[in-house]
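What follows is each chain in one-letter form.
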Amino acid sequence: MMTPQLVSIAIPTYNHAAFIEACLASVCAQTYPELELILIDDGSQDDTFEIAQRFLEPHRKRFRRVVLERHENQGVSANSNACIQACQGDWVHLLGSDDVLYPNKVERIQQSIQDWNCPSLALVHADCNFIGEDGNIVTRAKQKSRPDPGPDTQAYRWLFLGEHYIFNPTIALRREIFVAIGGFDLTLPLEDLDCWLRLSVHHAIARVPEVLASYRKHPGNSSRRRLKMLAAHFNTYAKFLIQHPGLIGDEVIGEHFRRNVWRFWRRIRKQKPWLFPRVVASIMKSRWQTPEASDYAFYGTTLDKASA
């Protein structure tokens with residue numbers, strides 16, 4: 001029998017001493033046999049790195065290759081790029097160090113990649129559960145619909161519109177393509193959406209319709225910084241419209257812009273109530289003139305200043 005293809009698991013970590021052992025245990029429990037593990041600690045101020053070292057020492061034989069390093073703090077985007085660049089597998093399963101994989105995650109996704117035989121495929125994702133700090137499943141009141149299963153060559157449409165989510169602990173990236181597009185943008189705090197958009201313009205993104213991981217919700221999640229994250233959304237939309245003019249229809253952009261400006265107002269109305277006339281004027285203008293990147297950028301910059 002042929003030896004299965006080497007698959008990489010990349011774990012950029014920072015201050016996750018409470019969760020890193022559960023994360024690594026879920027990686028060791030994978031049913032896929034040929035794995036390498038790349039873990040780089042981004043200058044944690046707790047003992048994340050030491051816990052990872054102790055846990056991995058008796059489990060090194062589980063992997064064909066293990067890279068365990070730490071460096072001075074560079075931020076999540078730079079550290080994620082470093083982890084992926086250090087990988088040797090064609091496919092990289094990028095995993096947050098506070099999240100957990102289910103045992104068949106890697107095997108199921110790699111089998112789907114083989115079954116689809118899609119040369120343009122750059123990213124695969126699946127469905128996930130949400131867990132709390134204690135590891136128990138958390139029920140979400142509102143959940144967005146999921147995209148169709150299989151490869152999609154126009155995923156940028158629903159990514160831009162925010163119609164569906166890509167759950168990060170479920171993803172696998174084709175390393176060569178990820179590196180070729182420049183990886184995560186170090187200037188954006190919402191690095192994943194920007195990267196998925198750039199990937200999806202020229203490559204296919206595919207969904208496996210199964211729950212294959214758990215995303216952990218806790219106070220340290222970056223998504224809790226609401227103003228900063230919404231600013232990153234506006235700035236990401238602006239960047240996309242500059243780089244890919246005409247890819248999204250004018251009417252769609254107008255509706256999308258109005259919806260997000262109302263999101264802006266709900267977030268900032270108590271802090272900056274005097275902006276209400278500007279909000280109304282923007283919404284009215286967008287009904288007869290297609291919003292431009294600069295219109296999105298104005299709200300992104302305003303939110304950035306408010307969150308500083």
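From a predicted model like this one, the values you see are computed outputs, not experimental measurements.

Asks: Hey, could you run me through the overall build of the protein chain in this one?
Replies: Counting its secondary structure elements, the protein chain contains 11 helices and nine strands. In terms of overall dimensions, the protein chain has a C-alpha envelope of 65 × 45 × 35 Å along the principal axes. The 308 residues of the protein chain split such that 52% are buried. Across the protein chain, every contact between residues at least 6 apart in sequence was considered, and the portion connecting residues at least 24 apart equals 80%. About 14900 Å² of surface is accessible on the protein chain, with carbon and sulfur atoms providing 50% of the total. Of the charged side chains in the protein chain, 37 are positive and 34 negative; the average position of the first set lies 7 Å away from that of the second.

Asks: Help me out: how do you make sense of the pattern of salt bridges in this one?
Replies: One side chain can pair with another of opposite charge once the charged atoms of both are near each other. Evaluation of the coordinates by the stated rule reveals 10 salt bridges. Between D185 and K239 there is a salt bridge, with the nearest N and O atoms lying 2.6 Å from each other. Note that D185 is positioned in the loop between helix 6 (175–180) and helix 7 (191–202) and K239 in helix 8 (residues 226–243), a separation of 54 residues in sequence. Here K239 and D194 are joined by a salt bridge, their closest N and O atoms 3.1 Å apart. On the criterion of sequence distance, the pair formed by K239 in helix 8 and D194 in helix 7 is long-range, its members being 45 residues apart. Of the two residues examined, K239 and D194, each falls in the buried class.

Asks: Mind showing me how you'd approach the packing of aromatic side chains here?
Replies: What describes a pair of aromatic rings is the distance from one ring centre to the other and the angle between the planes of the rings. As enumerated under the stated definition, the model contains 16 aromatic pairs in all. Centroid distance F130 to Y215: 5.8 Å. Interplanar angle 75°. Geometry classified as edge-to-face. With F130 in strand 6 (residues 121–131) and Y215 in strand 9 (residues 204–216), this pair connects stretches of sequence that are 85 residues apart. When the centroid spacing of 5.8 Å and the interplanar angle of 70° are considered together, the rings of Y237 and Y296 count as edge-to-face. You can see Y237 sitting in helix 8 and its partner Y296 sitting in helix 11 (residues 293–307), a full 59 residues away along the chain. Residue classification places Y237 among the buried residues on the basis of a relative accessible area of 3%. Cation over ring: R62 sits above F63, and NZ or CZ is 5.8 Å from the ring centre. The side chain of R278 reaches across the aromatic face of F298, ending 3.7 Å from its centre.

Asks: Where do I start with the pairing of strand 6 in this structure?
Replies: Look at any regular strand and the pattern is simple: side chains alternate between the two faces of the sheet. Counting buried positions over the 11 residues of strand 6 gives 10, a clear majority of the element. Two elements, strand 6 and strand 9, share nine bridges in a ladder whose sense is parallel. Paired with H125 across the strands is R207, a residue of strand 9. Where strand 6 meets strand 8 (residues 172–174), two bridges bridge the pair, whose relative direction is antiparallel. If you follow L123 over to strand 8, its bridge partner there is L173.

Asks: Would you explain the pairing of strand 2 (residues 35–41) in this entry?
Replies: Among the seven residues that make up strand 2, seven are buried, leaving the element largely enclosed by the rest of the structure. Neither face of strand 2 is exposed, since L35, L37, L39 and D41 on one face and E36, I38 and I40 on the opposite face are all buried. Pairing of strand 1 (residues 7–13) with strand 2, which is carried by seven bridges, proceeds in the parallel orientation. By the bridge assignment, I11 is partnered in strand 2 with L39. Between strand 1 and its parallel partner strand 2, the chain crosses via helix 1 (residues 20–28), and the hand of that crossover is right-handed. Read from strand 2 through helix 2 (residues 48–56) to strand 3 (residues 65–70), the crossover connection turns out right-handed.

Reading the values: rules and limits
- Residues numbered from 1 in each chain as written.
- Predicted model: local features only at pLDDT ≥ 70, side-chain atom pairs only at ≥ 80, totals over all residues.
- Heavy atoms only, no water.
- Helix = DSSP H or I, 4+ residues; strand = E, 2+ residues; numbered from the N terminus.
- Buried < 20%, exposed > 50% of the residue type's maximum accessible area, 1.4 Å probe, protein only.
- Contact = heavy atoms within 4.5 Å.
- Areas by Shrake-Rupley, 256 points an atom, 1.4 Å probe, with all protein chains shown as cover.
- Lys, Arg positive; Asp, Glu negative; His and termini not counted.
- Charge placed at Lys NZ, Arg CZ, Asp CG, Glu CD.
- Salt bridge = Lys/Arg side-chain N within 4 Å of Asp/Glu carboxyl O.
- Phe/Tyr/Trp six-rings, centres within 6.5 Å; stacked < 30°, edge-to-face > 60°.
- Lys NZ or Arg CZ within 6 Å of the ring centre and 35° of its normal.
- Pairing = 2+ DSSP bridges.
- Right-handed = clockwise from strand over helix to strand, strands pointing away.

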